[in-house]
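A structural walkthrough
Single-letter residue listing:
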Amino acid sequence: MSAKHADTIVMPTRKSPVPALTFAALILVLAILPAFFYPIFVMKLLCFVLFAAAFNLLLGYTGLLSFGHAAFFGGAAYVTAHALKVWQVTPEFAILAGVAAAIVLGLIIGAVAIRRQGIYFAMITLAMAQMFYFFCLQAPFTNGEDGIQGFSRGHLFGIIDLNETMNLYYFIAAVTVLSLVLIWRIVNSPFGQILRAIRENEPRTISLGYSVQRFKLAAFVMSAGLTGLAGALKALLFQFATLADVAWQMSGEVILMTLIGGIGTLAGPVVGAGILIGMQNFLATSGLPVTMVLGGTFMVCVLLFRRGVVGEILNLLERRRG
Amino acid sequence: MTATDTLTAPATVARGGGAAPQLKVRKLEAWYGESHALHGVDLDVYPGETVTLLGRNGVGKTTTLRAIMGIIRKRKGEVEFEQKSIMRVPLHRIAHAGLGFVPEERGIFASLTVEENLTLPPVVAKGGMSIEKIYEIFPNLFERRGSPGTKLSGGEQQMLAIARILRTGVRLILLDEPTEGLAPVIVERIGEVLKVLKTHGVSVLLVEQNFRFASRIADHFYVMDHGQVIDSFTVSELPARTEALNTALGV
Amino acid sequence: MTTIFGVALPVLTGQLLIGLINGSFYALLSLGLAVIFGLLRIVNFAHGAFYMLGAFAAWMLLNFAGIGYWGALFLAPLIVAVVGMVIERTMLRALYGLDHLYGLLFTFGLALLLEGGFRHYFGTSGQPFAAPEALRGATNIGFMMLPNYRGWVVVASLVVCLGTWAIIEKTKIGAYLRAATENSTLVQAFGVNVPLLLTLTYGFGCALAGVAGVLAAPLFQVSPLMGSNLIIIVFAVVVIGGMGSILGAIVTGYMLGIVEGLCKVFYPEAANIVVFVIMAIVLLLRPAGLFGKDS
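Thresholds applied
Residues numbered from 1 in each chain as written. Chains lettered and ligands numbered in written order. Predicted model: local features only at pLDDT ≥ 70, side-chain atom pairs only at ≥ 80, totals over all residues. Heavy atoms only, no water. Contact = heavy atoms within 4.5 Å. Buried area = accessible area lost by both parts, 1.4 Å probe. Helix = DSSP H or I, 4+ residues; strand = E, 2+ residues; numbered from the N terminus. Salt bridge = Lys/Arg side-chain N within 4 Å of Asp/Glu carboxyl O. Polar contact = N/O pair within 3.5 Å; in protein donor to acceptor, adjacent residues only side chain to side chain. Nonpolar A, V, L, I, M, F, W, Y, C, P; charged D, E, K, R; others polar. Pairing = 2+ DSSP bridges. Axes fitted to C-alpha atoms, helices over the stretch in contact; angles between N-to-C directions. Core = buried A, V, L, I, M, F, W, Y, C linked by side-chain atoms within 4.5 Å. Buried < 20%, exposed > 50% of the residue type's maximum accessible area, 1.4 Å probe, protein only. Domains from an automatic or database assignment. Phe/Tyr/Trp six-rings, centres within 6.5 Å; stacked < 30°, edge-to-face > 60°.

A look at the interface of chain C and chain A
Reports of interface size often rely on the accessible area that becomes lost once the parts have come together. Contacts between chain C and chain A engage 47 residues on the former and 38 residues on the latter. Of the roughly 4,300 Å² buried between chain C and chain A on both sides combined, carbon and sulfur atoms contribute 78%. Per-residue buried area on chain C facing chain A is highest for C:Leu101, C:Tyr102 and C:Leu105; these three make up 16% of the total on that side. Breaking the side of chain C that touches chain A down by element, the ones donating at least two residues are helix H4 (100–122), helix H8 (228–241) and helix H10 (274–285) of chain C.

Thoughts on the interface of chain C and chain B
Chain C puts 18 residues into the contact, and the matching count from chain B is 22 residues. For the pair chain C and chain B, the summed buried area comes to about 1,700 Å², and 63% of that belongs to carbon and sulfur atoms. Where chain C packs against chain B, one counts 1 salt bridge. A salt bridge links B:Glu116 to C:Arg178; the nearest nitrogen and oxygen atoms lie 2.8 Å apart. Here chain C is connected to chain B by 8 residue pairs in polar contact (both at pLDDT 80 or more). If you tally residues by element for the side of chain C that touches chain B, the top one is helix H6 (residues 172–189) of chain C, at 12 residues. Classifying every residue of the side of chain C that touches chain B by side-chain character gives 9 nonpolar, 5 polar and 4 charged.

As for the sheet that holds strand E9 (residues 220–225) of chain B
Residues and elements named next belong to chain B. In spatial order, the strands read E6-E7-E8-E3-E9-E10; together these 6 strands make up an open sheet with mixed pairing. Every interior strand has two partners, whereas the edge strands, strand E6 (99–102) and strand E10 (228–234), have only one. Neighbouring strand axes in the sheet, compared pairwise and without regard to direction, differ in orientation by 20 degrees on average. Sheet topology places strand E7 (residues 172–176) next to strand E8 (residues 203–207); 5 bridges connect them, and they run parallel.

Quick notes on the nonpolar core
Judged by nonpolar contacts, the single largest core of 295 residues is most densely connected at A:Leu65, A:Phe67, B:Leu23, B:Leu205 and C:Phe50. It is helix H2 (residues 39–62) of chain A that provides the largest number of residues to this core, a total of 18 residues. The residues that make up this core include at least three from each of domain 1 (48–123 + 151–224) and domain 2 (227–295) of chain C. Those residues in contact with B:Leu23, other than ones at most four positions away along the chain, are B:Leu43, B:Asp44, B:Val45, B:Ile68, B:Val79, B:Glu80, B:Phe81, B:Leu172 and B:Leu205. One finds B:Leu54, B:Phe211, B:Val223 and B:Leu238 within the second-largest nonpolar core, a separate group that totals 10 residues.

Describing the sheet that holds strand E5 (residues 84–85) of chain B
All names here are of chain B. Ordered in space as E2-E1-E4-E5, the 4 strands form an open sheet in which the pairing is antiparallel. Because the sheet does not close on itself, it has two edges, and the strands there are strand E2 (35–45) and E5. Two strands pair when backbone bridges link them, and strand E4 (residues 75–81) and E5 are joined in this way by 2 bridges, in the antiparallel orientation. In the sheet register, Phe81 faces E5, and the bridge partner there is Lys84. Where helix H2 (residues 61–69) meets the sheet, it contacts strand E1 (23–32), E2 and E4, and its direction lies at approximately 105 degrees from that of E1.

A closer look at the environment of C:Ser24
All names here are of chain C. With respect to the helices, strands and loops of the structure, Ser24 is situated in helix H1 (residues 9–40). Taking C-alpha positions, Ser24 is 24 Å from Arg41, a pair spaced 17 residues apart along the chain. Not counting the four nearest positions on each side in its chain, Ser24 is found in contact with Val153, Val154, Ser157 and Tyr254.

Examining the domain arrangement of chain C
Residue and element names in this part refer to chain C. Entries for chain C in the domain assignment read domain 1 (48–123 + 151–224) and domain 2 (227–295). Measuring from the centre of the C-alpha atoms in domain 1 to the corresponding centre in domain 2 gives 21 Å. In this complex, domain 1 contributes 11 residues to the contact, which on the side of domain 2 involves 9 residues. For the pair domain 1 and domain 2, the number of links is 0 salt bridges. Linking domain 1 to domain 2 there are 2 residue pairs in polar contact (both at pLDDT 80 or more). Contributions of two or more residues to the side of domain 1 that touches domain 2 are made by helix H2 (47–65), H4 and helix H5 (148–170).

A word on the side chain of A:Arg306
Within the secondary structure, A:Arg306 sits in the loop between helix H12 (290–304) and helix H13 (308–321). A polar contact is formed between the side chain of A:Arg306 and the backbone oxygen of A:Leu303, at a distance of 3.4 Å.

Some thoughts on the pattern of salt bridges
Considering all chains together, one arrives at 15 salt bridges over all chains under this definition. As a salt-bridge pair, B:Arg241 and B:Glu237 come within 3.5 Å of each other at their nearest N and O atoms. Classification of B:Glu237 as buried rests on a relative accessible area of 13%. Across the salt bridge formed by C:Glu133 and C:Arg136, the nearest N and O atoms sit 3.7 Å from each other. Judged by its relative accessible area of 64%, C:Glu133 is exposed.

Structural notes on unusual backbone geometry
For residues that are not glycine, phi is negative in most cases, and the peptide bond is trans in most cases. Backbone geometry places A:Gln88, a non-glycine residue, at a positive phi of 55 degrees. Turning to its location among the elements, A:Gln88 is positioned in the loop between helix H3 (70–87) and helix H4 (91–113). Owing to a relative accessible area of 61%, A:Gln88 belongs among the exposed residues under this scheme. In this model, B:Gln83 sits at a positive phi of 70 degrees, which is unusual for a non-glycine residue. Mapped onto the fold, B:Gln83 is located in the loop between E4 and E5.

Some details on the packing of aromatic side chains
Throughout the structure, instances matching the rule amount to 34 aromatic pairs over all chains. Pairing A:Phe51 with A:Phe73 gives two aromatic rings, centres 4.3 Å apart and planes at 5 degrees, and the pair type is stacked. Highlighted residues: A:Phe51 in helix H2 and A:Phe73 in helix H3, separated in sequence by 22 residues. In this pair, the class of A:Phe51 matches that of A:Phe73, namely buried. Summarising the aromatic geometry, the rings of A:Phe67 and C:Phe45 are spaced 5.2 Å apart at their centres and angled 45 degrees between planes, so their arrangement reads as tilted. Remark: C:Phe45 occurs in the loop between H1 and H2 and A:Phe67 occurs in the loop between H2 and H3; the pair is interchain, linking two chains. The buried category is assigned to A:Phe67, whose relative accessible area is 1%. What links up through ring pairs into an aromatic cluster is the set A:Phe67, A:Trp248, A:Phe298, C:Phe45, C:Phe108 and C:Phe235.

Listed below in structure tokens is the structure:
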């Protein structure tokens, strides 16, 4: 027994109750939300909810901190935008192309990054993503600083016009909810159990005979693919894909969302994305320096608030119960 | 009748010749994370004494040394050194109070040369050995002074671990299993070094599995079990106790 | 005109010099990261921000206090060190017992805070900073004209790097540092004030970034974002070298700067990413890094 009872980066996850009710509530909320908020804002929020949830699949449930998820987010956004603008395919194919690109990218970056652990993993993902950033800066199809813009969203399956705001809204809402269900299924599957075992004690998982590297890579690629889906939706929503989506600041933002919401909790990313997007919206008009406030928030969260909002609430409930 | 029953008889011989104990430990408890490792240890070391902690593996001997030293911060109870409580003294001031520590794993630094290892612990009081004197006692260390500390043999590393504390002028040394895994010849040498310490008036609190080794150099013994001291006797009582001890220690 | 592999010699030497200059900054910064990581087990994401802070400190000393380059070369790193030490004492310290990732996240936030703050008050455009009188102009060194200031940067960074190495390897305080890197608890039990050592080490690592910042100020202008892209390359350098070795950090830094410079001559499209590509290759062949012991 070592004296190093280090506070690990993730909190132990509790078995969540049957989430049918939770998801039903989520659908209900999504149905009425546009009545109160600007739908574009809600859709943006949903893209980031998905982004954070996909990221949390890796950090919260596998214990791997990626500092390079912007590559998958922005990479998929570029490919989706390119597919819509140049190839002129229907949106579902454009999104699939974006996700496929993110998966391929995830395989490449993941294969390199899983060679090291912990902080090295974080630094390697950051460096690989920065390499992709420079690639995007120079590759002709991304239009450099201008980005890809000025394309139609097209008709979903050739029928539903996504340039209609509410059509787009229901599409994005449906995709997000289905993805969250998928993430929940992954986390609670035997596969998810092994991921958690890796997170809690990697050497023991290896000694149990699991090929840990493969599981890590699989988790990394799944997370990359779902992140790509979020990026593709964002490109579809804003009809816009730029360098900002692949820049390291974006990777930082998704970490902050997950951290604020609660690493390793299912609801954490949803809450965290809501708080951060809301905060950014507020700051954009307040005249306060956004980056500075984000940085400060980061520091405060790490110093005082490592469980995040949802984690703190769960902890409080548990203590009251126990 | 169990072995412990015979062992709980109080020590009958007065120690320290009326002087106050140099190290006084009372009701010391310690935790590793959530696990409660010490359940109230009481022991004394009088000036100039060599005191040995006996006990089977995992009963808390090493933990006791680490808790006295303050390396384990999660602890409760009282530790007095030379009549002053050291429970609230920060770890890096403990040595300056006059307390030295030689860990079980010896703690020789690979990135330091032998000489750097030797001169690493700051001198905390007068009366420590000079480098020259140490090299005189340990000529091997002088010969190897420029090579990395961990390139030494196990025995030489143990010598180095003890020697570097001799330099500092501490008045009491906590010594954790100095003979573990060493050849008999080396164990012999370490015994001689401990006798040199005694002639210098340095007290030693020794954790030792090698009962025969301990019985030749110690003045007083404590037996530990389950994180507590369960028996205490002086060297003169040793012959009468040997059999019961063998049972208790599972020798 | 002399050519090597079809490249004119002045072009080649010019790019090599630029590579050597970049390498000087990589070496100084990765050295600081390695020193801090060795003892504190914290990957100092704010290192790029401290580099920027060093440059700004020099600029402010000049513009608000009239202290010139040479004074700033000494004072600016000191200011950066003090800022670093205050942060270590008041905040970073609380993270020591935790997962190392928290240190990375905290210093990432710190980097955003510092860079965001300076961008808010100074804007993104760079502030010019003149090289000192004595180092203006250029010297003919036979095969090329060497701008004096550039030559100075290479020499100064070499001196600082080797000086740091000597302090760590040859002095008493260096011995404390090396020992505490291996087993800080035991060093503390010997009576060394390790908490103070941690503070000083963090301050020293930050000061190295500050020195780099002052050296960079006349070359690249003083801008709030000058550190943010650099730090990512330096991370790659550190992954390539392995963070275990002081000398490894220095050598890898210069080496990669030169490789990058050569890449600009022979395959300029890849110059931005060559360090990252090398990182990926090294990881596939030798995961612990060129100079790293197995983690």
